[in-house]
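# Fold and contact review
Spelled out from the first residue to the last, the chains are:
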Amino acid sequence: MFFVCIIKTPLIDYSEQLVRISSIGARDYTTKKFAYSAWLNAISTSLYRENYEFAEKYIDLASKLNQDKANYNFRMNLRYLDHLTKYLKTGDLDFMKPINNFISILEDIGDHAFAQNVKDEVKLLTHNKGKNDVDKNKYGVVGIREN
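Reading the values: the criteria
- Residues numbered from 1 in each chain as written.
- Predicted model: local features only at pLDDT ≥ 70, side-chain atom pairs only at ≥ 80, totals over all residues.
- Heavy atoms only, no water.
- pLDDT = per-residue confidence, 0-100.
- Contact = heavy atoms within 4.5 Å.
- Helix = DSSP H or I, 4+ residues; strand = E, 2+ residues; numbered from the N terminus.
- Buried < 20%, exposed > 50% of the residue type's maximum accessible area, 1.4 Å probe, protein only.
- Axes fitted to C-alpha atoms, helices over the stretch in contact; angles between N-to-C directions.
- Parallel < 35°, antiparallel > 145°, perpendicular 65-115°, else oblique.
- Left-handed = near helix turned anticlockwise from the far one by under 90°.
- Nonpolar A, V, L, I, M, F, W, Y, C, P; charged D, E, K, R; others polar.
- Patch = residues over 30% accessible without salt bridge, like charges linked within 9 Å, V, L, I, M, F, W, Y side chains within 5 Å.
- Areas by Shrake-Rupley, 256 points an atom, 1.4 Å probe, with all protein chains shown as cover.
- Salt bridge = Lys/Arg side-chain N within 4 Å of Asp/Glu carboxyl O.

### As for the confidence of the model for the protein
- In this model, the protein carries an average pLDDT of 80, and 71% of its residues clear a pLDDT of 70 or more.
- In this model, residues 1–7 is a region of pLDDT below 50 whose contacts with residues beyond four sequence positions or in other chains number 14 contacts.

Shown next as structure tokens:
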């Protein structure tokens, strides 16, 4: 499921094949959940590797997966990663407001552990940008938290 963290070669060369889950509307919940998780982890992995161009491409492709807009969890995590990518790439503080809103929503619904993980991830990625002392083998926690 989370194989993207161990692959050294960027997946963008294969992304059209990965995104194209034939008849996604006919796929069951579990198949979609794994596809969504894989894409979120590909984006997160790209951010930890400071490869923002790939993260942007993955975000663009992943946004095409949830055409029926039914999976709010995926959409919220994707937007969080999109804003984080834009902030890391540009340094524009306007992108931090939606990130802080996302954290506030997580806290408001009582998911304090995931909110703390997001805070820790944002701090790690923003404070250690360009530094080689970040453990690149530890990748973020992408929260697909559905029962």
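### Some words on the side chain of Ser-46
- Along the chain, the position of Ser-46 falls in helix H2 (residues 29–48).
- What makes Ser-46 buried here is its relative accessible area of 7%.
- Leaving out residues up to four positions away in the same chain, Ser-46 has contacts with Asn-51, Phe-54, Ala-55 and Tyr-58.

### Remarks on the packing of helix H5 (residues 96–108) against helix H6 (residues 112–127)
- Where H5 contacts H6, the axes come no closer than 7 Å and their chain directions differ by 155°. Of the possible angle classes, the one that applies to H5 and H6 is roughly antiparallel. Helix-helix and strand crossings are classified by hand; for H5 and H6 the assignment is left-handed. On the side of H5, the interface is formed by Met-96, Ile-99, Phe-102, Ile-103, Leu-106 and Glu-107, while H6 contributes His-112, Phe-114, Ala-115, Val-118, Lys-119 and Val-122.
- Of the residues in the contact of H5 with H6, the class split is nine nonpolar, one polar and two charged.

### Observations concerning a nonpolar patch on the surface
- The grouping of Tyr-72, Met-76, Ile-105 and Ile-109 at the surface amounts to a nonpolar patch, some 410 Å² of accessible area in total.
- As for its position among the elements, Ile-109 is in the loop between H5 and H6.

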